[in-house]
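The lines below spell out each chain.
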Amino acid sequence: MKIKYLGLLLAGTLGLNSCSMVGDIDDIKPYYKMEGDNVVYNLESAESVLRGVYKSWRAFNVSSFRLYMSILSGTAVSKGGGLTGGQEFVTNSIQANNVALANIYQGSYLTINTANNLIKLMERGDAKGAPEKRVKEIIAECKIQRALAHFQLLRHFGYFFDLSSPYGIVLRSTPFSGTETAPRATVQQSYDFILADLNDAIANAPQNNELHYYVTKATAKSLKAKVLLHMGNYGEAETTAKEAIDDAERNGYQLEGSFQTIFTNGYDSAEALFATYTEGSMEVASDQIARTTYSEFTKRMADMLVGKNSDGDLNTGDGYDQRFYLMFNPALAGAQGNGKHPYSTNGTGKHNTQMLLRLGEIYFIHAEAAARNGHYDTARHSFQTMASRASYPADYATGIGNNVLLAAIFQHKVLELFAENGEDWFDFVRYYQAKNIAINAIKSTIKSDSQLVLPLPQTALAGNNQLQQNPL
Amino acid sequence: MNFKYFNHVRLYLTLLLLTAFFMEFSLAAYAQKITIKVHESNLKAIIKKIEAQSTYRFLYADDILKNTFPVSLSAKDKNLPELLNDIFQSQPLTFQIEDKTVIIKNKQQQLGTVFGTVKQLDNNTPMSGVTVKIVGRGLDLITATDAYGNYNFADIPHGTYQLSYSYIGYLTTAALINLSEPKKNQSMTMTIADSRLDQVVVIGYGAKQQKDLTSSISSINQEKLADFSNNAATFESILGGAAKGVMVTQNSGAPGSTAKLNIRGITSPLSGSTNDPLYVIDGVPFFIEGYSDFPTINPLSNIPVSEIESIDILKDAAATAIYGSRGANGVVIVKTNRGKKNKPFTLSADYTHSISNPTRMYKPLSVEQFKDAQNTIIRNTINSINDGKIDPYEAYYNQLPAIEQLAFVTPLADDGFGTPLKYRYDGLNNDAFGLGNTDWTKLIRNKNARTSQFNLSLNGGSDNSNLAFNFNAFDQEGLYINNGLKRYSARLSFDSNITDQLTAGASLSYAYSTLKYGQQLFAEGNTKPWLVRPDVNAYDANGNFSRIDGSLLYGAPVMLASPLAQLSNRGLNNMHQFLGAAYAEYEVFKNFTLRGDVSIASYNGGASIFAPTFAQDDFTAFGSNLYATLNTNTSNNSNTSLNFRADYDWKKNGHQLYAMAGLGFDRYRKSGDTHQYEEFPDNEILTDPGSAARDTYFTYSRTDQGLNSIYSRLSYKYKDRYLAEANFRTDESSKFGPGNKRAYFPSLSMGWRINNEQFMQAVNWINDLKLRLSWGNTGSTNISDFLYRQFFVRGSNDLWGGKPAIVLDLNVPNRDVKWEKTREYNAGLDFAFFNNRLTGNFDIYDRYTTGALALAPISLEAGSSTYSANIIDMSNKGFEIELGYDLIKKQELTWNISFNIARNRNKIEHLNGANINAYSLDSYLEGYPAGTQKGYLVEKIFDSQAEIDALNSSSPTGYYQNMATGIGDYKYKDINGDGVINTNDRQVIASPQPKYFGGFYNRIHYKNFNFSFVFQYAKGAKAIMDDFQTSLFGMLGQSLQQEIYDDMWSPTNPNAHFAKITYYDPAANSRTSDRLVYETSFLRLKNINVSYALPTVLTKKWRINQVSVFASASNLWTITKWPGLDPEFVGTSIATSASSNDAYPMSKTFSLGIKATF
């Protein structure tokens, strides 16, 4: 009798075991997740992870706040509805707990950490059967991404304008594996690290790629010119910018004929050196464009550059810089109220690209560096190229004296790039540091040097006790 | 006549007479000594033996011996008649000795009557309606005492019988009688049972009598549950006030929503855990996930209250430690109805019909009041601009565009570049206002929402098995239109004694529910129906829903859907639930049993909501296309639990030992997906996923979790005086990494029944007095799975250039993540005094949680901040008291009252730098309970510009508050005295923790009437009335909260409670301040219930055993100072638990019902 029941019990238990109601707790495994030891196993899997690195530029953390630096400089303002954490950017009184800071900081390091993971796996040879050239290219593409992210961090949170400053950024060249922390590198070390990545990339990155949401040698070289400009190394910046323009134009990049088509073509634009791919319902980047508009400052500058000081007509665009008017002309501005973002935010088709680097900017970099090096004619040549596209007369640059050339380049660059990538803020800081403009030239709320660098986010300090806050 | 024959007869007659008259003599005369010894021998064999030893011969028919019983006998030198008497006494036969012949014949059946009177022991009054049962000799009869306490069983064959007397609330008594006369009087007295002490309480993996408990457990039986509500869909919502120390918060009145239970505070404030207890339903453990109106899994919402037999709430660690890892927030054990053995089957059916209406709705402003409010706001704003308190450039971009949409203003001064510096206000532009007069709150309401509920149950059992079947149908209309819940459920359970040693049983239940809704929550500011402008008609000229211009809110002509239009969304939630459990118990030898049980619970749900274009906000102004959307999700969950355990009971000389040891395997499997579809060709019919233009977002997830456990219990009792119990459990969880998987949870408790001591025997008025002490450890695993590993994953939008991308999982791995542990001490006292009229208990406890899981700071250079670690320490201390008193205790009238009160002090001891979301930083402060709110203190409303100027001039920044501060604005208190108001001038102004809470319960029984009422109360918690903040922001084009409108500052109302309202609130009057804080204290008449059992005389005619009718009203009235919809409506998460939450309104419900038992 008893044996019969024991037998039944045993049979029952075995039966349940087979449908895993019982068993070793270690047998419970996660589903549909890969780990470092199996995520890359051939070329295609490596390409998937590489796309993950690129995709990080579209992440909310970075894409959503891309415009905030233009609020900081006062070229753009927030309108009805307001911006998340934006009020402190409006008043230039950013506190370390501002939500935007942690987002930007963390978002940039996400690109870096993803790139570092892939670099490690590629160097380890995980991509079995991949051609050696492509392996090198993938590593180079990762390094461009890593350099760009580090450069963004340095410009936002570091004393990027002072090569002797200890306030650089935390540099990361390996995957984050636990709770490791590191102190900030000096500014010089930070630049060295970025340049080393870019030099590697210039050597190994793909020569060209017709898809401009991928990076190439030309992207690396252009970025290098921009980095050198920020370092104040105007000599190298000028030559590198020139080389970059030439390289780019030899490899399928070229300026758009009209200012407007840069944005209607978006990531397909020949001018894009690196832009986010945004299309369809899945590949969208969040932004807060619709909640911003131009400021009085920008409007007046756009007015001053053309005709008399206050002859601008917002309805016709007469008397305004055409780049400004394109963005805010009622017919072209579109639903976002900004012609640089002409597309809808959902549905099928193309959406608004975020331009991370475009050829037009390199012309301005070249012009500025040349002007600073006293190569005024070279400078005027590049400057005129950009001015001509903006419907200025062909002799516009020649009419500008050497002493005001730098200032003119500055103003045009603001109107060319504002409300894109926050470039106008960094230019402002650089020009101020180079003693070309006064600290209150743009915005009355900026009163001290400490307002020129963002504080490190509170959460970053909380998680890394080696991190030192910027001096106040 | 044949003489010869006559002589022969005469001889026989003479013999017969002689036998009759001289029996004794003749027996003696014929005495022959016989010696016999047999065991279980049959009668025929015995007869043979006697014949062998004597000269007597037996005369009988063969088949007469067929129904005889075996005989055991040991006789030495006995007389034959004596011996025969012994033999035949227990046989259905009798004998007659005639000469040398023994004639065997059938016994004459003798019948008698058993009768008696049943009285109450205390006062000797007769008791009517006592069930009397007589069992024996193949008989099983039942009757009840009459009005005089008399009962009567007639025509009962002589023999031995067991009589039993039972009556609800009295101890069942029994008597053994031997009926050998025509009438047998067997009267009985009955004593009131102290049901509390004998009540069996379900504890983890076992059951115990209340009197033997050493830990803190509250029990609620079926009867009490019914008194708390008989129209509720789910049981946990009606537990408020029912058990001491169990805090029940009903955050929403929506159909299908469930309440939140909290037992002894919060242990895990930041892990995302709901800090809800573990629910064990018929042995199947569950956690409730999520507290939205549409929880993905909620087994509670599918169990009809009528199917519940008892709820036992395990509170202290000594009770919950047996559930180890899952007991940190208490355990609620729900037992559903099972049939009773040896009880005739009864079929009962009941039907309840209810009518519900909201307990409270906000009263919206009228069109005139709305316009007046807009006028005031605009005037205040223009004045501020003209006074230089708003920057004219900011005003030009922010304030003016909105004002110009509603009013006429004329620019006055200009800065020379086209920006005006001052304006003249020329009054409202009447063309900007609609001609409507709409009360949106009325339009969306479903007046007198009906709910009907039908139950059918079959219950009973034979000697060896019992069975119960329940069916429930529930149909509830929502308080809003296009909203309702339907549920059907059936449950079957049985137990059977297969052999003397083997018992097995099972229960199976299935429930199907479907919830439909348009919109449950009007969460967004502009869509809160009472804040939507009343001047817009609900429909336009073409009969379409009117849209509401949102340009004042969004700065762009966004066209918002009206609250009415939003109810055209088609939300549908379907849930299928299966719950099956089976067990087998085998008694290997006396007092040692082995038990195995297996349970499977499966929940499969599908939810979808289709939002037609006309029910959506139109954001085309912002460049997005207006598409109809469909969101779907499915979830498949299964819990399996397998347990083997052994129980052993041992008793000797007053020592009693009980030991239990078991093995448990729990597995939880979950998978689910979500999809978002957009762009449909049609809003009405082609609304399925297949009709969508595309699937814009999708997810899929699948996880397995497991817990392997070993648990044991040892309890000891000595002479009903000294009690001790030790529990030990160890769990191994799949959530943690190597080395951290296992945790140990011991507990120890002791009890001393003081009243059973010798020295207490003289104290009559104490019926029970027990002291309890306990200590224990519990734990929890409030984190996601596999947080110790770094994964690479892919989500639907992980694409680049149209090709899939693999990305890093956001979680930064923590290899050391482990169990949260809670240690608890509890001391308790149980007592019953004055013949059990006053009963009660008291508990005091101290709990300390270490290493509560929370998102912890991580080096942000990791690229993510999602990192969990065991960093927070929490404490909870409190007491709980429950008192019961029998106010009236008579046969026909009883009145019981019971009252409970509890207090819990929750405190965050150490945050250890937990990485708290910037939005909820103020909710987690060391030294405060979780969920606090910080804010400014308002000193007054400014009434003099000179005062403002003086404050500004002594401020280091040039402004005491800010540039816009003027007369009519709040003056905040400068707490740190630095001359400027900033975030450092805030202090804790609201805490969700009540000072005390509890319930008050009355039950009156008079003849066939039952009347009960229940109060629930909470005192001392405070919350911020967030809605007022929205109004204070001065948004144009939106109505104001009535309270604000009635008491906002204006030159004519200088003593207002609320400040001046200016568009966009430049003076920051809408900051979180103590002016927005209200107590959420309340006293609520939760339920009144009256029932009447129809006289049996009447029902017998209809061949129905019992018919009762009942009526009840719930949430009849509430006393509170809280200005929101309901004092229980605070935010559902810990961080928002001190903020208002305008959830789905609570309903006031009237019900009528009838119940019949056949």
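The rules we used
- Residues numbered from 1 in each chain as written.
- Chains lettered and ligands numbered in written order.
- Predicted model: local features only at pLDDT ≥ 70, side-chain atom pairs only at ≥ 80, totals over all residues.
- Helix = DSSP H or I, 4+ residues; strand = E, 2+ residues; numbered from the N terminus.
- Buried ≥ 20, exposed ≤ 12 C-beta atoms within 10 Å, placed from the backbone.
- Contact = placed C-beta atoms within 7 Å.
- pLDDT = per-residue confidence, 0-100.
- Pairing = 2+ DSSP bridges.
- Axes fitted to C-alpha atoms, helices over the stretch in contact; angles between N-to-C directions.
- Arc of directions from axis to C-beta.
- Nonpolar A, V, L, I, M, F, W, Y, C, P; charged D, E, K, R; others polar.
- Expected span 1.5 Å × (residues − 1).
- Domains from an automatic or database assignment.
- Parallel < 35°, antiparallel > 145°, perpendicular 65-115°, else oblique.
- Left-handed = near helix turned anticlockwise from the far one by under 90°.

Turning our attention to the overall build of chain B. Helices and strands together make up the secondary structure of chain B, namely 17 helices and 58 strands. Based on the C-alpha atoms only, the size of chain B along its principal axes is roughly 160 × 70 × 65 Å. Looking at the 1158 residues of chain B, the share that counts as buried comes to 44%. Expressed as a percentage of contacts within chain B between residues at least 6 apart in sequence, the contacts between residues at least 24 apart total 69%.

Fine structural detail should not be taken from predicted coordinates in areas where pLDDT scores are low. Residues and elements named next belong to chain B. Looking at chain B as a whole, the pLDDT averages 86, with 94% of positions reaching at least 70. The low-confidence segment residues 17–30, where pLDDT is below 50, has six contacts with residues more than four positions distant or belonging to other chains. Note on residues 290–295: pLDDT is under 50 here. Beyond four places in sequence and across chains, it has 17 contacts.

This part covers the sheet that holds strand E5 (residues 101–106) of chain B. Residues and elements named next belong to chain B. Pairing within the open sheet is mixed, and its three strands lie in the order E2-E5-E4. Bordering the open sheet on either side are strand E2 (57–59) and strand E4 (93–98), each of which pairs with just one other strand. For this sheet, the mean inter-axis angle between neighbouring strands, taken without regard to orientation, is 25 degrees. With six bridges connecting them, E4 and E5 associate as antiparallel partners. Looking at E5, one finds that Leu 93 is bridged to Asn 106. Those strands touched by helix H4 (residues 80–89) are E4 and E5, and its axis lies near 165 degrees from that of E4.

With that settled, consider helix H10 (residues 399–406) of chain B. Residues and elements named next belong to chain B. Residues of H10 that are buried include every one of Gln 399, Leu 400, Ala 402, Ile 403 and Leu 406, and no others. Angularly, the buried residues of H10 cover 160 degrees about the axis, an arc narrow enough to put them on a single face. Each element contacted by the buried residues of H10 is listed here: helix H8 (367–386), helix H9 (392–397), strand E24 (407–411), strand E25 (423–428) and helix H12 (551–554).

Another point: the interface of chain A and chain B. Chain A puts 65 residues into the contact, and the matching count from chain B is 68 residues. Elements with a minimum of two residues in the side of chain A that touches chain B: helix H1 (2–18), helix H2 (43–55), helix H6 (99–123) and helix H18 (458–463) of chain A. At 10 residues, H6(A) tops the list of elements feeding residues into the side of chain A that touches chain B. Per-class residue counts for the side of chain A that touches chain B are 32 nonpolar, 25 polar and eight charged.

Turning next to the environment of B:Pro255. All names here are of chain B. As for its placement among the helices and strands, Pro 255 is situated in the loop between strand E17 (246–249) and strand E18 (260–263). Of the residues examined, Pro 255 has 29 C-beta atoms within 10 Å and is grouped as buried. Residues Pro 255 and Tyr 697 lie 442 residues apart in sequence; the distance between their C-alpha atoms is 29 Å.

Residue and element names in this part refer to chain B. Look at H8: 29 Å from first C-alpha to last across 20 residues, which is about the 28 Å you get at 1.5 Å a residue. Residues of H8 that are buried include every one of Val 367, Phe 370, Ala 373, Gln 374, Ile 377, Ile 378, Asn 380, Thr 381, Ile 382, Ser 384 and Ile 385, and no others. Its buried side turned inward, H8 meets H9, H10, E24, E25 and helix H16 (1042–1046). Where H8 terminates, the next one or two residues include Gly 388, which has phi positive at roughly 75 degrees.

Moving on, we get to the domain arrangement of chain A. Residue and element names in this part refer to chain A. Its domain assignment divides chain A into domain 1 (39–67 + 79–205) and domain 2 (206–440). When each unit is reduced to the centre of its C-alpha atoms, the spacing between domain 1 and domain 2 is 23 Å. Each partner contributes residues to the interface: domain 1 has 29 residues there, and domain 2 has 32 residues. At the level of elements, helix H3 (60–63), helix H7 (132–157) and helix H8 (187–204) are the ones that each hand at least two residues to the side of domain 1 that touches domain 2. The leading source of residues in the side of domain 1 that touches domain 2 is H7, at seven residues.

A few words on the pairing of E5(B). Residue and element names in this part refer to chain B. Of the strand pairs in this sheet, E2 and E5 are connected by three bridges, and their pairing is parallel. Following the sheet pairing, Leu 59 is matched in E5 by Ile 103. Connecting the antiparallel pair E4 and E5 is a turn made up of two residues, with Asp 99 showing a positive phi of about 55 degrees.

Okay, the packing of H2(A) against H6(A) next. All names here are of chain A. Closest axis-to-axis distance for the H2/H6 pair is 9 Å, and the angle between their directions is 160 degrees. With respect to their mutual orientation, H2 and H6 come out roughly antiparallel. Between H2 and H6 lies a crossing of left-handed hand. Residues Ala 46, Val 49, Leu 50, Gly 52 and Val 53 of H2 form the contact with H6, whose participating residues are Thr 111, Thr 114, Ala 115, Leu 118 and Met 122.

Moving on, we get to the sheet that holds strand E11 (residues 173–179) of chain B. Residue and element names in this part refer to chain B. One open sheet holds the four strands; their spatial order is E8-E7-E10-E11, and the pairing between them is antiparallel. Of all strands in the sheet, those with a lone pairing partner are strand E8 (139–144) and E11, marking the two edges. Averaged over all neighbouring strand pairs, the angle between strand axes comes to 20 degrees, with direction disregarded. Pairing of strand E10 (residues 159–166) with E11, which is carried by seven bridges, proceeds in the antiparallel orientation. Note that in E11 the partner of Gly 159 across the bridge is Leu 179.

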